[in-house]
Every structure is written in structure tokens, then in C-alpha cells.
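Notes for the structure review
Residue strings, one per chain:
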Amino acid sequence: MIEYIARKQDNIKKIVCNKCGRELELENGIAREDYCTVNKLWGYFSQRDGQRHRFELCEQCYEELIAGFLIPVENIEEKELI
Ligand SMILES: [Zn+2]
């Protein structure tokens, strides 16, 4: 969950991991650790057609989630980081 100051998406007030509830540390509106954002618009043939789900996971909760996958996530090494 990300809360913005005055609803401006470039002005982050708070980031909370939806799974564990831990608030990530911010410095000048920038997270001091990385996290995962899931932003999914459910479509036809789903039970949630038209619903957009968005949530954030801290790195630890992400690791716990993918550890339960039968097929590992695809891992593509990026050479150029922004
Ligand atoms: Zn977490």
C-alpha cells in the first residue's frame, strides 16, 4: 500500500507491505529498500472482471511468496540499472 501526499503519485507519504504490515523506511519520499508492486486489472473470464488489485510486498514477503512456487520465477539479469 502506498499513500501519497495530496494524492500526487510522485510524492510518497508512506509505503506499507500488504502481507506483513511493515512500514518501509522513507528518505525524502524515496524508499530505503526495494519492494514489489503488483498492479492487476482482472479481465474477462475471471471472477473479478473489471476489478483492479494493487498491493506492495517487502522483499522478505516476496521471497516467502515465490519460495512456494512449483516453477521458479524467471530471472533475467539486467545490465543497465536506472
Ligand atoms: Zn512484508
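Residues numbered from 1 in each chain as written. Predicted model: local features only at pLDDT ≥ 70, side-chain atom pairs only at ≥ 80, totals over all residues. Heavy atoms only, no water.

Description of the overall build of the protein
Quick reminder of the rule: Here a helix means four or more residues in a row that DSSP labels H or I, a strand means two or more in a row labelled E, and each is numbered from the N terminus. All radius of gyration figures rest on C-alpha atoms, and the globule criterion is 2.2 Å times the number of residues raised to 0.38.
Along its length, the protein carries one helix and six strands. Beginning at the N terminus, the succession of helices and strands in the protein can be written as β-β-β-β-β-β-α. Taking 2.2 N^0.38 as the reference for a compact globule, 82 residues should give roughly 12 Å; the C-alpha atoms of the protein span a radius of gyration of 15 Å, well beyond that estimate. For the C-alpha atoms alone, the extent of the protein along its principal axes is close to 40 × 35 × 30 Å.

Considerations on the environment of arginine 52
For the record, the criterion: Contacts between residues were defined by any pair of non-hydrogen atoms, one from each residue, lying within 4.5 Å.
Tracing the backbone shows arginine 52 in strand S6 (residues 52–58). Each C-alpha atom, one on arginine 52 and one on asparagine 39, is 7.0 Å from the other, the two residues being 13 residues apart in sequence. Once you skip the residues sitting within four places of it in the chain, arginine 52 turns out to touch Asn39, Lys40 and Leu41.

Some remarks on the pattern of salt bridges
So the rule is basically this: The salt bridge definition used is simple: a Lys or Arg side-chain nitrogen within 4 Å of an Asp or Glu carboxyl oxygen. Burial status follows relative accessibility: with a 1.4 Å probe on protein chains alone, a residue under 20% of its type maximum counts as buried, one over 50% as exposed, and anything between as partly exposed.
According to the stated counting rule, one finds four salt bridges in the structure shown. Its salt-bridge partner being glutamate 64, residue lysine 19 comes within 2.9 Å of it at the nearest N-O pair. Of this pair, lysine 19 sits in the loop between strand S2 (12–15) and strand S3 (26–27) while glutamate 64 sits in helix H1 (residues 59–67); the two residues are 45 residues apart in sequence, bridging distant segments of the chain. Lysine 19 sits in the exposed class, given a relative accessible area of 51%.

Here we look at the packing of aromatic side chains
Filter applied, for reference: Pairing of aromatic rings covers Phe, Tyr and the six-membered ring of Trp, with a centre-to-centre limit of 6.5 Å; geometry is then stacked below 30 degrees between planes, edge-to-face above 60, and tilted otherwise. Think of it as a cone above the ring: NZ of Lys or CZ of Arg counts as a charge over the ring if it is within 6 Å of the ring centre and within 35 degrees of the ring normal.
Counted under the stated rule, the structure contains zero aromatic pairs. The lysine or arginine in question, lysine 40, covers the ring of tryptophan 42, its NZ or CZ lying 5.0 Å from the ring centre.

Focus: the coordination of the zinc ion
Using the following cut-off: Ligating atoms shown are N, O and S within 2.8 Å of the metal, or 3.2 Å for Na, K and Ca, and water is not included, meaning a site may look less than complete.
The coordination sphere of the zinc ion contains the protein donors Cys17 (SG), Cys20 (SG), Cys58 (SG) and Cys61 (SG), at a distance range of 2.3 to 2.4 Å. All donors to the zinc ion come from one chain, and their sequence spacing reads C-x2-C-x37-C-x2-C. Taken together, the residues cysteine 20 in the loop between S2 and S3 and cysteine 61 in helix H1 connect sequence positions 41 residues apart.

In short, the description is geometric, and any link to function would need to be established separately.
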